Amino acid sequence: MEVEIIGYNTKYKQYFYDYNIEWLETFFYVEPYDREVLSKPEIYIIDKGGHIFFAKNDVAILGTVALMPTHEDGILELTKMAVLPEARGQKIGQKLLQHCIDFAKEQQLKALLLYSNTKLENAIYLYRKYGFIELELEKDNPYERADIKMLLKFT
């Protein structure tokens, strides 16, 4: 089945929230910051110059990811990636990641930044495979669950 990556549309807003909440509840827990950002993606992501993408086929929305502005010009945070449980294992996350990398290059960004947790071994392996390198994790990072910070430079 063909998977297409599309840009943000408010009609898909609930998928962004629901898929991410489900993912967080499955693997970690939902932090207040998560709930705030996920419930108001226009305010925290879109209106600040960020982007949200959805993976879909002709039947359903299969996954989502966001590129959120950081304090550094030309660097976006790859965040809020979640895939529908029934669609996991079908490389949807990989397609979303590749789309974000291609998009970042097209936009001539300096880099993509992400925060994750080493418990997510498959995700960390994938990020390294795509060229992300580990950086020192600052103490005041935005996520309590994060224990790794990674960067993919383009310039």
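Residues numbered from 1 in each chain as written. Predicted model: local features only at pLDDT ≥ 70, side-chain atom pairs only at ≥ 80, totals over all residues. Heavy atoms only, no water.

## Thoughts on the overall build of the protein chain
1) Next: The helix and strand tally for the protein chain stands at five helices and seven strands.
2) Next: In the protein chain, the succession of α and β elements from N to C terminus is β-α-α-α-β-β-β-α-β-α-β-β.
3) Next: Here the C-alpha atoms of the protein chain give a radius of gyration of 14 Å, agreeing with the 15 Å that 2.2 N^0.38 yields for 155 residues.
4) Next: By principal-axis analysis of the C-alpha atoms, the protein chain measures approximately 40 × 35 × 30 Å.
5) Next: Taken across its 155 residues, the protein chain has 48% of its residues classed as buried.
6) Next: Across the protein chain, every contact between residues at least 6 apart in sequence was considered, and the portion connecting residues at least 24 apart equals 62%. (Helix = DSSP H or I, 4+ residues; strand = E, 2+ residues; numbered from the N terminus. Rg over C-alpha atoms; globule rule 2.2 N^0.38 Å. Buried < 20%, exposed > 50% of the residue type's maximum accessible area, 1.4 Å probe, protein only. Contact = heavy atoms within 4.5 Å.)

## A short note on the packing of aromatic side chains
1) Next: Following the criterion strictly, the structure yields ten aromatic pairs and no others.
2) Next: When the ring of W23 is compared with that of F27, the centres are 5.2 Å apart and the planes differ by 40 degrees; the resulting orientation is tilted. Note that W23 and F27 are positioned in helix α1 (residues 13–27) at a spacing of four residues, about one turn of the helix.
3) Next: Residue classification places W23 among the buried positions, given a relative accessible area of 17%.
4) Next: Their ring planes at 50 degrees and their centres at 5.8 Å tell us that W23 and F28 sit as a pair that is tilted. With respect to class, W23 is no different from F28; both count as buried.
5) Next: Every member of this aromatic cluster is reached through a ring pair, and the members are Y8, Y12, Y15, Y19 and F54.
6) Next: Its guanidinium or amino end placed over the ring of F28, K119 lies 4.8 Å from that ring's centre, counting from NZ or CZ. (Phe/Tyr/Trp six-rings, centres within 6.5 Å; stacked < 30°, edge-to-face > 60°. Lys NZ or Arg CZ within 6 Å of the ring centre and 35° of its normal.)

## Some points on unusual backbone geometry
1) Next: A positive phi is found at K80, a non-glycine position, where the angle reads about 55 degrees.
2) Next: Its place among the elements puts K80 in strand β4 (residues 75–83).
3) Next: Take K80: its relative accessible area is 7%, and that puts it in the buried class.

## Comments concerning the sheet that holds strand β2 (residues 51–56)
1) Next: In space, the seven strands of this open sheet follow the order β1-β2-β3-β4-β5-β7-β6, with mixed pairing throughout. Of all the strands in the sheet, just β1 (4–7) and β6 (133–135) have a single pairing partner and so form its edges. Within the sheet, the average angular offset between the axes of one strand and its neighbour, ignoring direction, is 30 degrees.
2) Next: Against the sheet, α1 contacts β2, β3 (61–69) and β4, and its axis sits at roughly 95 degrees relative to β3.
3) Next: Its contacts with the sheet put helix α5 (residues 121–129) on β4, β5 (111–116), β6 and β7 (148–153), and the angle it makes with β7 is roughly 25 degrees. (Pairing = 2+ DSSP bridges. Axes fitted to C-alpha atoms, helices over the stretch in contact; angles between N-to-C directions.)

## Section: α1
1) Next: Relative to the 21 Å expected for 15 residues at 1.5 Å per residue, α1 spans 22 Å between its end C-alpha atoms, a close match to the ideal helical length.
2) Next: When we look at burial in α1, the residues that qualify are F16, Y17, Y19, N20, I21, W23 and L24. (Expected span 1.5 Å × (residues − 1).)

## Regarding the pattern of salt bridges
1) Next: Here the structure, examined in full by the defined rule, presents eight salt bridges.
2) Next: The closest approach of N and O atoms between E31 and R145, which form a salt bridge, is 3.1 Å. Of this pair, E31 sits in the loop between α1 and α2 (32–39) while R145 sits in the loop between β6 and β7, and the two are 114 residues apart along the sequence. Across this residue pair, the class does not change: E31 and R145 are buried. (Salt bridge = Lys/Arg side-chain N within 4 Å of Asp/Glu carboxyl O.)

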